[in-house]
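# What the coordinates show
Chain by chain, the residues run as shown.
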Amino acid sequence: MTVKEAIRARRTIRKYKQERIPLEVLKELVDGARLAPSAANRQPLEYLIVEDPSLLEPVFSTLGWAGYIKPHGTPKEGERPTAYIVVLINRELDSAWAKHDVGAAVENILLGAQEYGIGCCWIGSVDRDRLREILQIPEKYIIDCIVALGYAAEKSVVEDEQGSIKYYKDENGVLHVPKRRLEDIMHVNRINSQ
């Protein structure tokens, strides 16, 4: 799979087969995140892999899922993630640019997962206090976000936006994700004002 193919194929997945992801694969995804660009090369990010079956449900209970398609976007029992990567910012290395680092690192995780056939959901809606308690995360870390992972048990497709950016599920359970058209968002040399 080329990078271009991975970018086009990558879609958010919220239903997963209950097949465990090998720890070595999860480590590879974190290694990809580690190699992402970092402002001033400060490298403030650290990653907590959660794959212990006894921790999956407690972590799941801290997450908010798919506001546009509630309750259909929340994975049911037997469809839930089989692993998580918690993205942490080390307060000692934090800067105004750390959020940019997070974006680059998470995109590397998402694209790397695509190569392995793993579906992902990047989640920012997290009960951080409960998660900190469950996973015993020290206060020196800011909990930024979580990437939920598992082998996909649903289909998600991209389509051109037709008046709304709200994603939706069709009658067959396929998730449709409207994206603004290239000609609506791209400018060359100057902003084309209308």
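Owing to the predicted nature of the structure, the values given are computational and were not obtained by experimental measurement.

### Observations concerning the sheet that holds strand 2 (residues 83-90)
Across the sheet, which stays open at both edges, the four strands sit in the order 1-2-4-3 with antiparallel pairing between neighbours. Of all strands in the sheet, those bounded by a partner on one side alone are strand 1 (45-50) and strand 3 (118-123). The sheet shows a mean angle of 25 degrees between the axes of neighbouring strands, direction not considered. Direction of pairing for strand 1 relative to strand 2: antiparallel, over a ladder of six bridges. Across the sheet, the residue bridging to Val50 is Tyr84, located in strand 2. On the sheet, helix 2 (residues 23-34) packs against strand 1, strand 2, strand 3 and strand 4 (141-151) and is oriented at approximately 165 degrees with respect to strand 1.

### Focus on the pattern of salt bridges
Going through the model one piece at a time under the given rule, you end up with ten salt bridges. Salt bridges sharing common partners tie together Arg181, Glu183 and Asp184.

### A word on the side chain of Glu161
Within the element layout of this structure, Glu161 appears in the loop between strand 5 (156-160) and strand 6 (168-169). Of the side chains with opposite charge, Arg180 comes closest to the buried, unpaired Glu161, at an N-O distance of 5.5 Å. At a separation of 2.6 Å, a polar atom in the side chain of Glu161 contacts the main-chain amide nitrogen of Gly163.

Procedures and definitions
- Every chain is numbered independently, its residues counted from 1 as its sequence is written.
- Local features in this predicted model are restricted to residues whose pLDDT is 70 or higher, and side-chain atom pairs enter the listing and the counts only when it is 80 or higher, whereas totals over whole chains, interfaces and linings include all residues.
- Side-chain measures here rest on the full set of heavy atoms in the structure, leaving out hydrogens and waters.
- Following DSSP output, two strands are said to pair if at least two bridges run between them.
- Only runs of H or I of at least four residues qualify as helices and only runs of E of at least two qualify as strands under DSSP, and these elements are numbered from the N terminus.
- Structural elements are reduced to axes, namely lines fitted to C-alpha atoms, with helices fitted over the stretch in contact, and the angle between N-to-C directions of any two is expressed from 0 to 180 degrees.
- Throughout, a residue-residue contact means that at least one pair of heavy atoms, one from each residue, lies within 4.5 Å.
- Basic side-chain nitrogens of Lys or Arg form a salt bridge, by our definition, when they fall within 4 Å of a carboxyl oxygen of Asp or Glu.
- The buried label applies to any residue whose accessible area, calculated with a 1.4 Å probe on protein chains only, is under 20% of its type's maximum; exposed applies above 50%, and partly exposed to all values in between.
- In this tally, Lys and Arg are treated as positive and Asp and Glu as negative; His is ignored, and so are the chain termini.
- Any pair of N or O atoms that falls within 3.5 Å is considered a polar contact. Within protein, one atom must be able to donate a hydrogen and the other to accept it, and sequence-neighbouring residues count only if both atoms are side-chain atoms.

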